Amino acid sequence: MNQEPLAVLMRPKTIKEVIGQQHLVGKDKIIYNLVSHKRLFSMIFYGKPGIGKTTLAMAIVEELGVPYRLLNATINNKKDFDVVIEEAKMYHGMVVLMDEIHRLNKDKQDLLLPYLENGLITLIGMTTSNPYHKINPAIRSRTQIFELKELTEEDIVTGLKRATKSSYLKDIKIEEKALQKIAILSSGDMRNAYNLLEMAYYSSKDGNVTEELLTTINSKPVFFHDKDSDGHYDVISAFQKSIRGSDVNASLYYLARLIEAEDLDSIYRRMTVIAYEDIGLANPNMGPRVDACINACERLGLPEARIPLSVMVVDLALSPKSNSAHVALDKALEDIEAGKSGSIPNHIKTPAIGYKYPHDYPHAFVKQQYLPDTLINRKYYQPKETSKYERDLKKVYEAIEKMSK
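Everything numeric in this text was worked out from a predicted model, so none of it was measured. (Residues numbered from 1 in each chain as written. Predicted model: local features only at pLDDT ≥ 70, side-chain atom pairs only at ≥ 80, totals over all residues. Heavy atoms only, no water.)

**Q** Can you help me understand the overall build of the chain in this one?
**A** Assigned secondary structure in the chain consists of 19 helices and seven strands. In terms of overall dimensions, the chain is more spread out than a globule: its C-alpha atoms have a radius of gyration of 30 Å, far above the 22 Å expected for 405 residues. Principal-axis analysis of the C-alpha atoms gives the chain an extent of 95 × 55 × 40 Å. Every one of the 405 residues in the chain was classed for burial, and the buried ones make up 43%. Here the contacts in the chain between residues at least 6 apart in sequence split such that 72% fall between residues at least 24 apart. Of the roughly 22,900 Å² of accessible surface on the chain, a fraction of 52% belongs to carbon and sulfur atoms. Counting 54 positive and 53 negative side-chain charges, the chain places the averaged centre of each group 4 Å from the other. (Helix = DSSP H or I, 4+ residues; strand = E, 2+ residues; numbered from the N terminus. Rg over C-alpha atoms; globule rule 2.2 N^0.38 Å. Buried < 20%, exposed > 50% of the residue type's maximum accessible area, 1.4 Å probe, protein only. Contact = heavy atoms within 4.5 Å. Areas by Shrake-Rupley, 256 points an atom, 1.4 Å probe, with all protein chains shown as cover. Lys, Arg positive; Asp, Glu negative; His and termini not counted. Charge placed at Lys NZ, Arg CZ, Asp CG, Glu CD.)

Shown next, in the form of structure tokens:
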């Protein structure tokens, strides 16, 4: 039995029916004005699954009444592309809606580019990947790129209510609480929301969709986390920035998202760099403690690994912070890259001539030059006072400076 899903049946025919994306389709916004002027250019829509990329593309071509073909950069072969180009010549122009455009290979790209150039084909691409990173520059330079925003729970409920009033779900009965439940479970994915509503309707005895019924079908919200996507790197970035900002609750939330994706490797790498980049000399024991946590997690595996990870992330988030060490090194690297190297003083070369061995002097210190002549008195390290440990280092640092004068 081949029956179109509700998500397809509910697809808007005009941009006014599009749910969300008001920054593009709202009155006097970009897409709204393009359609009003009956003018179309090649473009790429990107964003998370189920937020309306294909829906918007279809609404545009349907409203404009232009010939179009829907292709998938992965599934459709070169022969399919050849057929579309011949059709475009017959119609004196055609719109090609291309899903997963970031996977367009060189052969297909080379086939399309000349026709994009002369206007025979207008391309509307759809992708969940960031086109600035994933799409070939040759295609990217010939298109305008628009990011579609995530749908809110209110947007999802609007779409669901529209479906319940359609002819596709006859005599459906559903309370507001159940609509809200679907919106929460779908996590901003309209396609998933429609699928859940449709399954609940047909799996019910009398078309009565309840919260209890929805829970038996799906008790866990949709979670989009592609390890190769920008969303994945956004979560990692948010994880580190939350710890750096000492927001323990946000840190635990992003840790939970990474654990849900079972991406322990990213957690390990990020905690390790945080221990040295963001905490550093404010709490120098943190590096070895992170290593101990990683070892424990490797022995335990998931789900138990979440326990030492929770302890470690709380500790990292609430630890005093200092980036003074790596900032100091970066300044030294900048000098070297700028050509400020200078000659090493003779008394600390090999063999050393005139070198004074510090351990032969009181406090294991003796005044002598270490930096090249061109960098004498250059200061890279600027101590911070975010922890007792670095305050103590500062005292030693200042005492050595005094003895060096």
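**Q** Help me understand the packing of helix 16 (residues 286-300) against helix 17 (residues 306-318) in this model?
**A** When two helices pack together, you describe them by how their axes are tilted relative to each other and by the distance separating the axes. Contact pair helix 16 / helix 17: the axes reach a minimum separation of 9 Å and the direction vectors enclose 160 degrees. The orientation of helix 16 with respect to helix 17, classified from their angle, is roughly antiparallel. The two elements helix 16 and helix 17 cross, and the hand of that crossing is left-handed. Of helix 17, the residues touching helix 16 (which contributes Met286, Arg289, Val290, Cys293, Ala296, Cys297 and Leu300) are Pro308, Leu309, Met312, Asp315 and Leu316. (Axes fitted to C-alpha atoms, helices over the stretch in contact; angles between N-to-C directions. Parallel < 35°, antiparallel > 145°, perpendicular 65-115°, else oblique. Left-handed = near helix turned anticlockwise from the far one by under 90°.)

**Q** Teacher, can you tell me more about the pattern of salt bridges here?
**A** A side chain with one charge can pair with a side chain of the opposite charge if their charged atoms come near. Applying the stated criterion to the full structure yields 16 salt bridges. Between Lys106 and Asp110 there is a salt bridge, with the nearest N and O atoms lying 2.8 Å from each other. Here the residue Lys106 and the residue Asp110 both occupy positions in helix 6 (residues 106-118), the gap between them amounting to four residues, near one helical turn. For Lys106, a relative accessible area of 58% gives the class exposed. (Salt bridge = Lys/Arg side-chain N within 4 Å of Asp/Glu carboxyl O.)

**Q** Is there a simple way to explain helix 10 (residues 176-186) in this structure?
**A** Along an α-helix, a turn takes 3.6 residues, which lines up residues three or four apart on a common side. Of all the residues in helix 10, the buried ones are Ala178, Leu179, Ile182, Ala183, Leu185 and Ser186. The inward-facing, buried residues of helix 10 contact helix 9 (153-164), strand 6 (173-174), helix 11 (190-203), strand 7 (208-209) and helix 12 (211-217). Directly after helix 10, the chain includes Ser187, whose backbone phi takes a positive value near 50 degrees.

**Q** Which parts of the structure should I look at to understand the environment of Pro288?
**A** Mapped onto the fold, Pro288 is located in helix 16. Measuring from C-alpha to C-alpha, the distance between Pro288 and Thr272 comes to 9.2 Å, with 16 residues separating the pair along the chain.

**Q** It is not clear to me how the packing of helix 5 (residues 78-91) against helix 6 should be interpreted in this structure. Could you clarify?
**A** Running from amino to carboxyl end, helix 5 crosses helix 6 at an angle of 10 degrees, the nearest separation of the two axes being 10 Å. It follows from the interaxial angle that helix 5 and helix 6 lie roughly parallel. Counting all contacts with helix 5, which are made through Lys78, Phe81, Asp82, Ile85 and Lys89, the residues of helix 6 involved are Asp107, Lys108, Leu111, Leu112 and Tyr115. For the contact of helix 5 with helix 6, the per-class residue count stands at five nonpolar, no polar and five charged. (Nonpolar A, V, L, I, M, F, W, Y, C, P; charged D, E, K, R; others polar.)

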